[in-house]
Every structure is written in structure tokens, then in C-alpha cells.
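Examining the three-dimensional arrangement
These are the residues of each chain, in order.
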Amino acid sequence: KQWYQRRVAITAGDFSQGLTGYSILLVKMTSISKVMIRFIHYGPLLATFIIILVTIMTVLCIIFSTPISGITYPDGTKSFKHHPTLSAFANLTIFLCLSLLTTYHFLMSMIHGPGFVKKSWKPERKADESKLQYCKECEAFKCPRSHHCRKCQRCVLKMDHHCPWINCCVGHRNHAHFLRFLFYASSGCFYGGINITAVLIKMLFDSHRNFVLIFYFNKFGRFLTLIFSMGIAYGVAIAVGFLLVMQLRDISKNTTNIEAWIIRKAEWRHERQKTTFIYPYNLGSRWKNLTQVLNITNFAKGDGYTWPVVAGTDQYTFTVEQLQQKKFKKERMIEHTIVKGYNARCCSFLVLANPLLYCICNGLDDRYLAVREGETVMVSRYRKRWLYGSVEREQQDRNGEKLVPKEYSGWFPRLCAVEMAEKKTK
């Protein structure tokens, strides 16, 4: 029992309990099993496939584009001998370094994980509990800059976003590895795309040195794979490079993707109240903000619970702002009545009856809410064809002894609901 408790404590990030040799082994086995389960997902598998494909095709292109000499034997067979040059060796070394660094930081992002808030965490002072949000799912307080991830099913330290490519959140512990992964992936794919493009140009226009390339890529499947690899390389370089720029923009302000959205709402709310909102974590200098995540180590600074703040603010300035936004959101919620059921599935009758309306929908990674006819939903966000609302339903507790209320929220089609005031008018 003690071994199990220690394993759970270490997995949650609590290293206060002493460890024996066997308990350390249990913790390592638990961590390895979690990483293996995390890897078995379409995101990491697809990312691994892209890394392997671009690496193999680029290495082949670099090797077969080196100077060669051909020998024709009396029976008509040909043999080719490569003459590696210093430039070709340097070219191959640079690309392999980029590929290996991409793979390393990709794996480290998954292995280390984002870092989770400790189970049953509380602030040191009882008075500070009123300044924090309480997570009903984790049954613990959310520490500053943490958010609950419905896919990881835990509160994440300094959560930025949930990344499907590493099948976990980007948070305090793996943010530095993730940024390096983005940099090396975009650089490696762009570098590989240039080498593949150079080979294609040689095959099409260089009549003196392209015979070995045509000899190797003469089959339609190999040539099609070459073209496909080039497209994948440039596509990934552009997409990942764009994400890298967005990440660096947020880090230069010492914010995350989620916090940037909260700041916009805070500025709008304080502008209406004619007050000034001060973001507590912006240290004033872009360099200082960047070094909070990017430094000589592969880990961000701090323990994930306390943060350096600017003058005039404290550790709970931002959490108090979040609580006020939650209160303001509840006050602005509008009650809707469901007139058509929606089961939150892609193959529901409602979706099939309106394919043009719902196939190009709200985004693949959004949360959807199943609603029943006659149910009352509190709506807080609106889009052209979708509403975001929450509903309270009863379900059994963890012990299965009694029914307890639980709140469900998500997007559902706009035509499923009618506003209560509109219904009364009709």
C-alpha cells in the first residue's frame, strides 16, 4: 500500500515522500506505460510517420545526388560508384542533426508531459482559497496559471493548449521541449524540402548527372513518393513555422494561448468599467519573458505554482480576474429551451439532414454537448450556427451511492434551441 501511495504521489509530481529502490522502479514502470499509451494515438503516429518519411527521402536524395561514375559490363549491366564530397557530407550531417533533434524533443515533450497540479492541492493560507477557482473534476483548487484539460482529465500547470501531435498538453514542464521541437521540425522539413527539390530539378534539367537519379527513381511509385515527400516537407515547414511564430509571440509577453484570450476579455471588461488591467506576469522585457521558458536548460523556470510578478500585483491578481470573469459570464447567460434533440455525434440524424450546415462545423477539436428535447440550457457564447451552453444533470458519485449534480458544457446546433423570451412571445 505504501509503495502504491508513493507511486501515485510521484506521478502527480509530489516528491515529498521518501522512495525505496522498488518504489522507484514502480514509478518508472508507471511513467513508461503512460508514455506508451500516450504514443498510441493518431497524432504521435502521424508525426512519427512524417519524420521518418522526410528523413529517408532526403537522405536518399543527398546520397544519390553526389558525383558518380558508371561502369557498363559486357552483359549490359551497369554499376554505379559514388564519390562523396565534403559538401555532400556536410549537407547530410546538417540534415541528420536536425532530424535527430526533432525526434529527441518530440519524444521529450511526451515523456515529461505538461506537469499536473498535485492531488488535493491547497494554498498555504486559508484566506487565499477565496481567490482561487475550485476544480470539481479534480476536487482540488487550481493553482495560479493552471487550467483543467478535459482530455488529460487533470489540472495542468501553466497550460498553453492540448496538442494532438504529442497527445498531451503543452504546459510548464514540456513547454521548452515543445518549442525546440517546433523549431527543429520546421527547419528540418524546410531543409529536406530544398534537397528534394534540387534532386527533382537535376532529374528534369541536368542531362549529365541525372542518370543515376532516374535509374533509382524510375518506378512510378518511387517518383510519386518523392513528390509526396516534397509536398509534406514544405507543408509541415509552413504550418509548424506559423505555430512557432505564434508561440514565440505569446512567450515574449510571458503569456500562454489560454491567458491571451483571458487578457482580451479582461481589457474589454476593464475598458467598460473605465479601469486599468495590469497583467501580472509580463516582466517588461521581451528577453526576460523569453528566458522564463527558453534558457540553457530544457525546462522552464519555476516550480509551476508560484511566479515572478510585476509591482502592484500579487500571485492571485490574475486568478481574481478569472473569478470576476466567471461571475460576469454567469450574469450574462441566457436561458434557452431545447426543441430538437442532438446527441453530439457526427452521424446523428440532425447532422445528416443538414450536411452543408454541420459538416463544415465548429472545429474538430471542440467540445460538443448532447441535449434533449424539453431541456433547459444556459447559453454563454454564440456563433452563426452554434451555441455554447451548460446544463446541470444528476449522476452517481464515485462510490455509486447517491446522485450528485454535475455540470456539462459544450457546443450544440443553434436550430436545436429557442430563447426563453422568444418562446414566450410566440
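Placed above this text is the structure.
Figured I'd write up the structure that's included with this text. Not measured: the values here are computed from a predicted model. (Residues numbered from 1 in each chain as written. Predicted model: local features only at pLDDT ≥ 70, side-chain atom pairs only at ≥ 80, totals over all residues. Heavy atoms only, no water.)

A word on the packing of aromatic side chains. Taken as a whole and judged by the stated rule, the model has 14 aromatic pairs. Considering the side-chain rings of Y281 and F318, the 6.0 Å spacing of their centres and the 65° angle between planes classify their relative orientation as edge-to-face. Pair noted here: Y281 is in the loop between helix 8 (257-273) and helix 9 (286-291) and F318 is in helix 10 (residues 317-332), with a separation of 37 residues, a long-range link. Of the two residues examined, Y281 and F318, each falls in the buried class. Taken together, the ring pairs connect F277, Y279, Y281 and F318 into an aromatic cluster. Its guanidinium or amino end placed over the ring of W307, R145 lies 4.9 Å from that ring's centre, counting from NZ or CZ. (Phe/Tyr/Trp six-rings, centres within 6.5 Å; stacked < 30°, edge-to-face > 60°. Helix = DSSP H or I, 4+ residues; strand = E, 2+ residues; numbered from the N terminus. Buried < 20%, exposed > 50% of the residue type's maximum accessible area, 1.4 Å probe, protein only. Lys NZ or Arg CZ within 6 Å of the ring centre and 35° of its normal.)

With that out of the way, let us pick up unusual backbone geometry. Non-glycine residue E139 carries a positive phi angle of around 55°. Residue position: E139 is located in the loop between strand 3 (134-135) and strand 4 (140-141).

This paragraph deals with the packing of helix 3 (residues 42-64) against helix 4 (residues 86-112). Contact geometry of helix 3 with helix 4 gives a least axis separation of 10 Å together with a crossing angle of 170°. As summarised for this structure, helix 3 and helix 4 are arranged roughly antiparallel, according to the angle between their axes. For the pair helix 3 and helix 4, the contacting residues are P44, A47, T48, I51, V54, T55, T58, V59 and I62 in the first and A88, N91, L92, F95, L96, S99, T102, T103, F106 and M110 in the second. For the contact of helix 3 with helix 4, a count of residues per class yields 12 nonpolar, 7 polar and no charged. (Axes fitted to C-alpha atoms, helices over the stretch in contact; angles between N-to-C directions. Parallel < 35°, antiparallel > 145°, perpendicular 65-115°, else oblique. Contact = heavy atoms within 4.5 Å. Nonpolar A, V, L, I, M, F, W, Y, C, P; charged D, E, K, R; others polar.)

Along the chain, H161 turns up in strand 7 (residues 161-163). Here H161 falls in the buried class, since its relative accessible area comes to 17%. Excluding anything up to four places from it in sequence, H161 contacts C169, V170, F178, Q247 and N257.

Quick look at a nonpolar patch on the surface now. A cluster of nonpolar side chains, contributed by Y42, L46, F49, W165 and F228, occupies part of the molecular surface with about 540 Å² of accessible area. With 3 residues, the single largest contributor to the nonpolar patch is helix 3. Tracing the backbone shows F49 in helix 3. Using a relative accessible area of 44% as the deciding quantity, one classes F49 as partly exposed. (Patch = residues over 30% accessible without salt bridge, like charges linked within 9 Å, V, L, I, M, F, W, Y side chains within 5 Å. Areas by Shrake-Rupley, 256 points an atom, 1.4 Å probe, with all protein chains shown as cover. Salt bridge = Lys/Arg side-chain N within 4 Å of Asp/Glu carboxyl O.)

Bridging between strand 9 (residues 334-338) and strand 10 (residues 376-382) involves 4 bridges; their strand directions are antiparallel. Bridged to I334 within strand 10 is V379. Relative to strand 13 (residues 417-419), strand 9 is paired through 3 bridges, and the arrangement is antiparallel. Bridge assignment links I338 to a residue of strand 13, and that residue is A417. (Pairing = 2+ DSSP bridges.)

The end-to-end C-alpha distance of helix 4, which contains 27 residues, comes to 38 Å, matching closely the 39 Å that a straight helix rising 1.5 Å per residue would cover. Among the residues of helix 4, those classed as buried are A88, N91, F95, L98, S99, T102, H105, F106, M108, S109 and M110. Just downstream of helix 4 lies G113, where phi reads positive at about 70°. (Expected span 1.5 Å × (residues − 1).)

One pass over the full model with this rule turns up 7 salt bridges. Linking E129 and K126 is a salt bridge whose minimum nitrogen-to-oxygen distance equals 3.5 Å. E259 is the salt-bridge partner of R145, the closest N and O atoms lying 2.8 Å from each other. Taken together, the positions of R145 in the loop between strand 4 and strand 5 (147-149) and E259 in helix 8 put the pair 114 residues apart, joining distant regions of the chain. Residues joined in a network through salt bridges with shared partners are R125, D128 and K131.

Moving on, we come to the state of the cysteines. Considering all chains together, one arrives at 0 disulfides under this definition. C169 supplies the cysteine sulfur nearest to C152, a cysteine that is in no disulfide, at a spacing of 3.6 Å. (Disulfide = S-S within 2.5 Å.)

Turning to the nonpolar core, a few remarks are in order. Counting residues in each nonpolar core, the largest one holds 27 residues, and the members touching the most others are F106, I166, F178, F181 and L182. When contributions to this core are tallied by element, the ones reaching two or more residues are helix 3, helix 4, strand 8 (168-170), helix 5 (175-205) and helix 7 (220-252). When residues in this core are grouped by element, the largest group, 7 residues, is from helix 5. Here I166 is in contact with R38, P44, F106, S109, M110, N174 and F178, once residues within four sequence places are set aside. In terms of nonpolar packing, the next biggest core, distinct from the first, is built from 14 residues, Y342, V377, Y388 and C416 among them. (Core = buried A, V, L, I, M, F, W, Y, C linked by side-chain atoms within 4.5 Å.)

A few words now on the side chain of S146. The residue S146 is located in the loop between strand 4 and strand 5 in this model. Apart from the residues within four sequence positions on either side, S146 is in contact with V117, V156, L157 and K158.

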